[in-house]
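Survey of secondary and tertiary structure
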Amino acid sequence: SSGINAEYGGTIEEAFLLMFYLHAVCKVYVSAGYTHRPVPKQFVLSSDIIEKSVRDTLANNFADGSFGVKDFQAMALELDKEGMCTGYPYSEEVSQLLGWHDVDS
């Protein structure tokens, strides 16, 4: 085990973003046609490279503990726009990025 799961995914926001990325990776995998045959070795990254890449990305972009927060806010805002009334608070910054300025935060 890489230990990444133990460090991230402890909040709803983190879990959402991790699952979003996992879903994206799976879509690429299926689209590439590797569902019934092995991935060619030249396309397989070692677990060390993956671990380093993830740790570097998280350390550089989410050192303030904001991993997944804006992404989850954006998803909640989109659901609210569709009339779902999530009740999840989102920032004015996320509202402006998505072009919706009617925010109760």
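Just so you know, these numbers come straight off a predicted model, no measurement behind them.

Next up on the list: the layout of surface pockets. Estimated volume of the second largest pocket: approximately 240 Å³. For the second largest pocket, the lining is made up of 10 residues, of which Val-25, Val-28, Tyr-29, Val-39 and Phe-43 are closest to its centre. The leading source of residues in the lining of the second largest pocket is helix H2 (residues 12-31), at three residues. Looking at the lining of the second largest pocket, its residues break down into 10 nonpolar, no polar and no charged.

Here we come to the pattern of salt bridges. Within this structure, the stated rule accounts for four salt bridges. Glu-51 is the salt-bridge partner of Arg-55, the closest N and O atoms lying 2.6 Å from each other. Linking Arg-55 with Glu-51, this pair stays in helix H3 (residues 47-61), spanning four residues, or about one helical turn. Its relative accessible area of 17% is what places Glu-51 among the buried residues.

For the rest of this paragraph, the subject is H2. Between its first and last C-alpha atoms H2 spans 28 Å; for 20 residues at 1.5 Å apiece the expected length is 28 Å, and the two agree. By the burial criterion, the buried members of H2 are Glu-13, Glu-14 and Leu-17. Along H2, the residues classed as buried sweep out an arc of 110° about the axis, all on the same side. When the buried face of H2 is taken as reference, the exposed residues oriented beyond 90 degrees from it are Ile-12, Met-19, His-23, Lys-27 and Val-30. Considering only its buried residues, H2 is in contact with helix H4 (69-81).

Another aspect to go through is the packing of H2 against H4. Where H2 meets H4, the axes come as close as 8 Å, and the angle between the chain directions of the two elements is 85°. For the element pair H2 / H4, the angle class is roughly perpendicular. Note on element contacts: H4 touches H2 through Val-69, Asp-71, Phe-72 and Met-75, opposite Ile-12, Glu-13, Phe-16 and Leu-17. Partitioning the contact of H2 with H4 into residue classes produces six nonpolar, no polar and two charged.

This next bit is on the environment of Gln-73. In this structure, Gln-73 sits in helix H4. For the pair Gln-73 and Val-94, spaced 21 residues apart in sequence, the C-alpha separation works out to 7.0 Å.

We now examine the confidence of the model for the protein chain. One rule of thumb: low pLDDT means the predicted coordinates there are not for detailed reading. Looking at the protein chain, the pLDDT average stands at 78 and 82% of residues meet or exceed 70. Within the protein chain, H4 carries the highest mean pLDDT (88), whereas helix H1 (residues 4-7) carries the lowest (52). In this model residues 1-5 is a low-confidence stretch, pLDDT under 50, and it forms six contacts with partners more than four residues away in sequence or in other chains.

About the criteria used
- Residues numbered from 1 in each chain as written.
- Predicted model: local features only at pLDDT ≥ 70, side-chain atom pairs only at ≥ 80, totals over all residues.
- Heavy atoms only, no water.
- 1 Å grid on protein atoms, 1.4 Å probe; cavity = no way out; pocket = protein on both sides within 12 Å on 5 of 7 lines; lining within 4 Å.
- Points joined across faces, edges and corners; volume = space filled by probe spheres on them.
- Helix = DSSP H or I, 4+ residues; strand = E, 2+ residues; numbered from the N terminus.
- Nonpolar A, V, L, I, M, F, W, Y, C, P; charged D, E, K, R; others polar.
- Salt bridge = Lys/Arg side-chain N within 4 Å of Asp/Glu carboxyl O.
- Buried < 20%, exposed > 50% of the residue type's maximum accessible area, 1.4 Å probe, protein only.
- Expected span 1.5 Å × (residues − 1).
- Arc of directions from axis to C-beta.
- Contact = heavy atoms within 4.5 Å.
- Axes fitted to C-alpha atoms, helices over the stretch in contact; angles between N-to-C directions.
- Parallel < 35°, antiparallel > 145°, perpendicular 65-115°, else oblique.
- pLDDT = per-residue confidence, 0-100.

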